[in-house]
Amino acid sequence: MASITGNKEILAVSGGNSVYLLERKNGLLQTLEPPVEDKEITTKKVPKKGETSSEHADKHMACAALSSCGRYLALATCRGTKCLLIWQLEGQTWSLISQRPIGRAASKIRFTNSASRVLIADKAGDVYSFSVTEPTKEKEWLLGHIAMLLDVTVSDDEKYIISCDRDDKIRVACFPNCYNINSYCLGHTSFVTSLSFLPHNPYILVSSSGDGCIKLWKYLEGKELLSIPVNKYVPALDGEILPIKQCSVFQVSPDASLMSVCIGSSSKCPIFKIDGTDNLQVKLLCTIGSEDQEVWWTQFTRENSMLLMKNNKMQPVEVWSWDENYDFLLNQNETELYVKHSDAFQECFSCPSIPSMLYRKNYDEPADKVKKHS
Amino acid sequence: MIDNKYGIYRAELDYPVHPDLMDWSKLYPEFPNKRVEFADVGCGYGGLLVALGELFPDVLSLGLEIRVKVSQFVMERIKALRLQEPGKHQNVACLRTNAMKYLPNFFYRGQLKKMFFLFPDPHFKESKHEWRIISRSLLSEYAYLLCEGGLVYTVTDVPDLNQWMVKCLDEHPMFERVSQEELDKDPVVPKLWDSSEEGQKVTRNDGPKLLAVYRRVADPFDSS
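Remember, predicted model here, so these are calculated numbers, not experimental data. (Residues numbered from 1 in each chain as written. Chains lettered and ligands numbered in written order. Predicted model: local features only at pLDDT ≥ 70, side-chain atom pairs only at ≥ 80, totals over all residues. Heavy atoms only, no water.)

Chemist: Before we go on, may I ask you to explain the overall build of chain B in this structure?
Modeler: Summing up its helical and strand segments, chain B has nine helices and seven strands in all. Over its C-alpha trace chain B gives a radius of gyration of 17 Å, about what one expects of a compact globule, namely 17 Å for 224 residues. In terms of its C-alpha atoms, chain B occupies a principal-axis envelope of roughly 45 × 45 × 40 Å. For chain B, buried positions account for 54% of its 224 residues. Looking at chain B alone, contacts between residues at least 24 apart form 78% of all its contacts between residues at least 6 apart. Summing over all exposed atoms, chain B offers an accessible surface of approximately 11000 Å²; the carbon and sulfur share of this is 51%. (Helix = DSSP H or I, 4+ residues; strand = E, 2+ residues; numbered from the N terminus. Rg over C-alpha atoms; globule rule 2.2 N^0.38 Å. Buried < 20%, exposed > 50% of the residue type's maximum accessible area, 1.4 Å probe, protein only. Contact = heavy atoms within 4.5 Å. Areas by Shrake-Rupley, 256 points an atom, 1.4 Å probe, with all protein chains shown as cover.)

Chemist: What is the right way to look at the nonpolar core in this model?
Modeler: Within soluble globular proteins, side chains that are nonpolar tend to cluster in buried spots. All names here are of chain B. Of all hydrophobic cores here, the largest spans 47 residues; its most connected members are W24, L62, F107, M115, Y142 and F175. No other element matches helix α4 (residues 136-145), which puts six residues into this core. The residues touching L62, leaving out its near neighbours within four places in the chain, are W24, L27, Y28, V36, F38, A39, D40, L49, A93, C94, L95 and F107. (Core = buried A, V, L, I, M, F, W, Y, C linked by side-chain atoms within 4.5 Å.)

Chemist: Can you walk me through the UniProt feature "active site" (unreviewed entry) in chain B in this structure?
Modeler: All names here are of chain B. Following the UniProt record, one finds the feature "active site" (unreviewed entry) at D121. Structurally, D121 is set in the loop between β4 (112-118) and α4. Overall, D121 belongs to the partly exposed group, its relative accessible area being 34%. Apart from the residues lying within four places of it in its own chain, the contact partners of D121 are R132 and L161. Of note is the side chain of D121, whose polar atom sits 3.0 Å from the backbone nitrogen of H123. (UniProt positions renumbered as here; feature names shortened; annotations may be inferred. Polar contact = N/O pair within 3.5 Å; in protein donor to acceptor, adjacent residues only side chain to side chain.)

Chemist: What should I look at first to understand the UniProt feature "repeat: WD" (unreviewed entry) in chain A in this one?
Modeler: Summarizing the sequence annotation, UniProt attributes the feature "repeat: WD" (unreviewed entry) to residues 185-227 of chain A in the numbering used throughout. Here residues 185-227 of chain A runs as 0% helix and 56% strand, with 12 Å between its end C-alpha atoms.

Chemist: It is not clear to me how the interface of chain A and chain B should be interpreted in this structure. Could you clarify?
Modeler: The parts lose accessible area when they come together, and the size of an interface is often stated as this lost area. Counting residues at the interface gives 30 residues for chain A, matched by 31 residues for chain B. When chain A packs against chain B, the two sides together hide about 2800 Å² of surface, and 56% of this comes from carbon and sulfur. Applying the counting rule to chain A against chain B returns three salt bridges. In this structure, the salt-bridge partner of B:E141 is A:R171, at a minimum N-O distance of 3.5 Å. The interface formed by chain A and chain B contains eleven residue pairs in polar contact (both at pLDDT 80 or more). (Buried area = accessible area lost by both parts, 1.4 Å probe. Salt bridge = Lys/Arg side-chain N within 4 Å of Asp/Glu carboxyl O.)

Chemist: Hey, could you run me through the packing of helix α3 (residues 99-106) of chain B against α4(B) in this one?
Modeler: Helix packing for two helices is described by the angle between their axes and how far apart those axes are. Residue and element names in this part refer to chain B. Viewed as axis vectors pointing N to C, α3 and α4 meet at an angle of 20°, and their least axial separation amounts to 11 Å. In terms of orientation, α3 lies roughly parallel with respect to α4. α3 and α4 meet at a crossing whose hand is left-handed. Facing α3, whose interface residues are M100, L103 and P104, α4 presents L138, E141, Y142 and L145. (Axes fitted to C-alpha atoms, helices over the stretch in contact; angles between N-to-C directions. Parallel < 35°, antiparallel > 145°, perpendicular 65-115°, else oblique. Left-handed = near helix turned anticlockwise from the far one by under 90°.)

Chemist: Is there a simple way to think about the sheet that holds strand β17 (residues 192-197) of chain A in this case?
Modeler: Whenever strands of a sheet pair, they do so through backbone hydrogen bonds, lying parallel or antiparallel. Residues and elements named next belong to chain A. Pairing within the open sheet is antiparallel, and its four strands lie in the order β17-β18-β19-β20. Sheet topology places β17 and β20 (223-229) at the edges, where each strand pairs with a single neighbour. Between one strand axis and the next, the sheet turns through 20° on average, direction left out of account. One ladder, built from five bridges, connects β17 with strand β18 (residues 204-209); its direction is antiparallel. Bridge pairing links S194 to S208 in β18. (Pairing = 2+ DSSP bridges.)

Chemist: So what exactly am I meant to see when it comes to the sheet that holds strand β8 (residues 93-101) of chain A here?
Modeler: Residues and elements named next belong to chain A. Here we have four strands laid out as an open sheet, ordered β5-β6-β7-β8, and antiparallel in their pairing. Among the strands making up the open sheet, the edge pair consists of β5 (63-66) and β8. Within the sheet, the average angular offset between the axes of one strand and its neighbour, ignoring direction, is 20°. Taken together, the eight bridges between strand β7 (residues 83-90) and β8 define a ladder with antiparallel strand orientation. Residue I86 lies in a different strand from β8, and its bridge partner there is S98.

Chemist: Can you help me understand the UniProt feature "binding site: S-adenosyl-L-methionine" (unreviewed entry) in chain B in this one?
Modeler: Residue and element names in this part refer to chain B. Under the UniProt annotation, the feature "binding site: S-adenosyl-L-methionine" (unreviewed entry) is placed at G42, E65, I66, N98, A99, L118, S196, E197 and E198. Within the secondary structure, E65 sits in strand β2 (residues 60-65). Taking relative accessible area as the criterion, E65 reaches 3% and is therefore assigned buried. Residues contacting E65, with those up to four places away along its chain left out, are G42, C43, G44, V70, S71, L95, R96 and T97. Of the polar contacts made by the side chain of E65, one reaches the side chain of R67; its length is 2.8 Å. Tracing the backbone through its elements, the reader meets I66 in the loop between β2 and α2 (68-84).

Chemist: Sorry, what's going on with unusual backbone geometry here?
Modeler: Excluding glycine, most residues fall at negative phi; most peptide bonds, likewise, are trans. The step from A:F175 to A:P176 runs through a cis peptide bond, and the omega angle for that step is 5°. In this fold, A:P176 is placed in the loop between β15 (170-174) and β16 (181-185). With a phi close to 55°, A:E158 is a non-glycine residue in the positive phi region. Mapped onto the elements, A:E158 comes out in the loop between β13 (149-154) and β14 (160-165). The exposure class of A:E158 is partly exposed, given its relative accessible area of 22%. Its identity as a non-glycine residue notwithstanding, B:H123 has a phi of 40°, on the positive side. You can see B:H123 is positioned in the loop between β4 and α4. By relative accessible area, B:H123 is classed as partly exposed at 22%.

What follows is the structure, encoded as structure tokens:
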């Protein structure tokens, strides 16, 4: 899925096979993509049986991540020779410092807190670590699931690694001794799409899932603390339970955080406030987004703003801020800066935000299958 | 979709969302307050399972089998045995599930004392090796499910697969090979050959009997 992230200076939108950098001051667009020779390979790639070439190209999206220090940008490409590219910010320019093959298509890419490594969770179910400080060092296998992974994250103290998969599971393993599983957080009844730590209490994990719920966990014990059925707050038109695509959290006080949620095909993005460090309470603050365009990604930045990515030709990227009463306001000036780039972003919306392969196929009666098969 | 010649359906199976939600009383009605301690993964026709039940009358043993027909056979077999010999075989049961995916849904951390992997699918093709039931990924899961000191028994008549399993287990920091001396004293070991249907077949054909047993040890990382 195409995603957006950013800091005070830039916004990074990933989609297609590249990452688009927007300068927040002037709205200038820069595209970072794999070097040319790789592109040639892409065009020669023979599509698999039963796929047209465009289907093949559109099956996956590149994933990008920005290190918390803002100095590194990583991109996992999804076409041709799939590879990890790392750029380093030197003065005003981003220079490519590393290009390494990754093997399988990536689902999620993240820097560890110290930006010493990049972690890639892939569609085959494995997590690999790539050194940032040694840009030519080979990848290191960390752990594997028997299902497609959708996210991976490492605790701020870098003691635990948490991964989630298509089979409803959240696994908490030790880090860097990832072979030692500490616990499982079991309770979701569909694929688990994203993981974050609750900023005001990092011993609590926030997960989002295709079952339409956000769950909060004491992850070291694998204990579910709270489940938020988002559709109760933001009902879909036909009463259907929509999957949660991802969520983003941001600390606003020593004992409270905000959470924005990106729901299925919905054009609405609810914002919740989570209060308390142990005895958690959740309330809906507001729902932003009014037009019919689907919200693709929501992300808080470190500097009190919230980014929204929408499948909207006029306004693909929105920047929101809030006041002391948590009234959310659209930053009109900045949002308009990006309008002229909407064409560049079209590729980001070229494949569905939730791949259908995440859903389980239900084969009820084996007898039926035999009949169909013969 | 039929997965392979054995007719394993890629059907999604019933499994509890969390071990707390598993109702064991249907499987072990006579033992309401006991937890399963031995798991026979891919129990086949249940020969070893029944033998374990007799050898360890106070321990609950569970056979896991993914093939529909085979798991039904084992369930019927246990039902019949319980009727034939009232009071016996109450400590064994069989469940149809995909052990590669759902073991943590059934068992708590450190709950298991022994896990058996008898004559697993060799998956000869190299591209299929990651689908073997013993792999570096799955061993971490087994280490989580086993208590410290718990044992993993692997048996095969395929030398390549034996080498693969030994390599995976040797390389995993939380497993340590059990010595031959210790195996000679283990009452379970002879049962691996003479009770399981596959084991009897290998004996009849005079095939190789390749056994490797490993103990779950504490994470060496914690003490370093």
